[in-house]
Amino acid sequence: MAEIKIESFAKINLCLDVLKRREDGYHEIKTVMQQIDLKDIITLKDNEDKVIIETNHPQVPTDSTNLVYKAWKLLSNRYNIDKGVYIKIDKNIPVAAGLAGGSSNAAAVLKGLNELWSLNISQKELMELAAQIGADVPFCIMGGTALAEGIGEKLTKLSSFSDKLILLAKPSISVSTAYVYKNLELNKIDFRPNTNDIIRYIEENNLESLATNMGNVLETVTIKEYPIIKEIKDKMIQYGALGSLMSGSGPTVFGIFKNEDDAIKCKAELSKHIDTVHVVKTL
Ligand SMILES: C[C@](O)(CO)[C@H](O)COP(=O)(O)OP(=O)(O)OC[C@H]1O[C@@H](n2ccc(N)nc2=O)[C@H](O)[C@@H]1O
Ligand SMILES: Nc1ncnc2c1ncn2[C@@H]1O[C@H](COP(=O)(O)OP(=O)(O)OP(=O)(O)O)[C@@H](O)[C@H]1O
């Protein structure tokens, strides 16, 4: 029986600006997305007519609400394939964290089924299908570093920004992405990141300028509610991070470090109070 294993990587947002609220409630954004080497492993196996989802993580659903189920449904409907699939999700990416864990799993399943079922779908078409699952899914297909516009689905590949040292810390609070966008007050934002500058720093491989100019307007919603996010940001700076920011809709905070010893010391300090702290690298 054919079996495929796919790596499913997390992302962080190096900057995130919200330009306006659309009629349908979604928001137009401008964000730089960066893949990191924190990953889940997805195993796919042929299964006659049913979809079976298994996972090692208690918070991840195994029914049709799992984004991997949506990925299977989308491809099987679109290409009239009358087959089920067995999907195992080995979770390392924190759940509901702002790291696109579920979106990345869905992207991995789209890629994996394309291979398992020999569909030969181009990356471009796979990304178009991915947008029907969620705003972050097309980026998870593309990977690397990219500017995302529209609702996050219009992607422009940027020059590589790999191998940068990142410390991730996820406090044990849950914030829904929908809640954060809904409660964003667009007229009360006093710092907006300059996306064009951020892109220039990436092109110049200028880590320091990038780190000190990052910004995420969604922090205005989450920090008000959960001051711990600001406390983690400050702690990272105190321990030598060049810059720190909340990723996506949070609550994960990341810090960019130049020095590995500093990152490890900061990890030890944060781990006293926070369960989920990882040192990772950009891809
Ligand atoms: C915060 C980010 O992760 C940054 O990369 C994304 O903007 C969110 O991406 P995502 O979780 O894949 O988002 P989706 O699953 O498509 O949408 C979740 C909810 O977030 C809100 N949403 C999402 C994206 C967007 N551009 N505007 C929005 O207002 C909508 O209320 C939507 O119902
Ligand atoms: N494959 C999956 N992995 C994790 N969570 C999933 C998955 N499929 C559906 N979910 C549901 O989605 C919710 C959000 O989880 P996820 O880890 O994708 O959030 P996130 O990292 O904040 O995503 P994003 O950054 O795209 O907003 C979870 O609470 C869970 O119930």
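Residues numbered from 1 in each chain as written. Chains lettered and ligands numbered in written order. Predicted model: local features only at pLDDT ≥ 70, side-chain atom pairs only at ≥ 80, totals over all residues. Heavy atoms only, no water.

### Quick word on the overall build of the chain
Each helix and strand in the chain was counted, giving 10 helices and 10 strands. Projected onto the principal axes, the alpha-carbon positions of the chain cover approximately 55 × 40 × 35 Å. With 283 residues in all, the chain has 52% of them scored as buried. When the accessible surface of the chain is summed, it comes to about 13,100 Å², and 45% of that surface belongs to carbon and sulfur atoms. For the chain, the distance from the average position of its 34 positive side-chain charges to the average position of its 37 negative side-chain charges is 2 Å. (Helix = DSSP H or I, 4+ residues; strand = E, 2+ residues; numbered from the N terminus. Buried < 20%, exposed > 50% of the residue type's maximum accessible area, 1.4 Å probe, protein only. Areas by Shrake-Rupley, 256 points an atom, 1.4 Å probe, with all protein chains shown as cover. Lys, Arg positive; Asp, Glu negative; His and termini not counted. Charge placed at Lys NZ, Arg CZ, Asp CG, Glu CD.)

### Observations concerning the pattern of salt bridges
Scanning the entire structure with this criterion turns up 19 salt bridges. Between Lys 11 and Asp 136 there is a salt bridge; the shortest N-O distance is 3.8 Å. Of this pair, Lys 11 sits in strand E1 (residues 3-21) while Asp 136 sits in the loop between helix H3 (123-130) and helix H4 (137-142); the two residues are 125 residues apart in sequence, bridging distant segments of the chain. Ionic pairing is found between Asp 90 and Lys 88, a salt bridge with its closest N-O pair at 3.7 Å. Here Asp 90 falls in the partly exposed class, since its relative accessible area comes to 24%. With a relative accessible area of 27%, Lys 88 lands in the partly exposed category. Three or more residues joined by partner-sharing salt bridges are found here, namely Glu 3, Lys 5 and Lys 45. (Salt bridge = Lys/Arg side-chain N within 4 Å of Asp/Glu carboxyl O.)

### Side note on the nonpolar core
Counting 39 residues, the largest nonpolar core has Leu 44 and Leu 113 as the members making the most contacts within it. Ranked by residue count, the leading element in this core is helix H2 (residues 101-116), at seven residues. If sequence neighbours within four positions are ignored, Leu 113 has contacts with Leu 44, Trp 72, Leu 75, Val 85, Ser 118 and Leu 119. (Core = buried A, V, L, I, M, F, W, Y, C linked by side-chain atoms within 4.5 Å. Contact = heavy atoms within 4.5 Å.)

### A short note on H2
Look at H2: 22 Å from first C-alpha to last across 16 residues, which is about the 22 Å you get at 1.5 Å a residue. For H2, a buried count of 13 out of 16 residues is recorded, marking the element as mostly surrounded by other parts of the structure. Immediately beyond the C-terminal end of H2, within one or two residues, lies Ser 118, with a positive phi of roughly 45°. (Expected span 1.5 Å × (residues − 1).)

### Description of the domain arrangement of the chain
In terms of domain boundaries, the chain breaks down into domain 1 (3-157) and domain 2 (165-281). Between the C-alpha centres of domain 1 and domain 2 there is a distance of 23 Å. Opposite the 26 residues of domain 1 that make contact, domain 2 presents 33 residues. Contact with domain 2 buries surface across domain 1, with Leu 14, Leu 16 and Val 18 losing the most and accounting together for 23% of the total. Where domain 1 meets domain 2, there are one salt bridge. For Arg 192, the salt bridge is made with Asp 17, and the minimal N-O distance between the two is 2.6 Å. (Domains from an automatic or database assignment. Buried area = accessible area lost by both parts, 1.4 Å probe.)

### Thoughts on the environment of Glu 128
Looking at the secondary structure, you find Glu 128 in helix H3. It is 8.4 Å that separates the C-alpha atoms of Glu 128 and Glu 153, two residues lying 25 residues apart in sequence.

### Some remarks on the site of ligand 2
By nearness alone, 20 residues border ligand 2, and Asn 66, Gly 98, Ala 100, Gly 102 and Asp 136 come closest of all. Contacts to ligand 2 include Ala 100, whose backbone N or O atom sits 2.9 Å from an oxygen atom. Backbone polar atom of Gly 102 to an oxygen atom of ligand 2: 2.8 Å apart, as the coordinates give it. Summarising the interface, the protein chains cover 79% of the accessible area of ligand 2, which totals 610 Å² for the free molecule. Sorting elements by how many residues they give to the shell around ligand 2 places H2 first, with four residues. Tallied by class, residues from the shell around ligand 2 come to nine nonpolar, eight polar and three charged. (Near = heavy atom within 4 Å. Polar contact = N/O pair within 3.5 Å; in protein donor to acceptor, adjacent residues only side chain to side chain. Nonpolar A, V, L, I, M, F, W, Y, C, P; charged D, E, K, R; others polar.)

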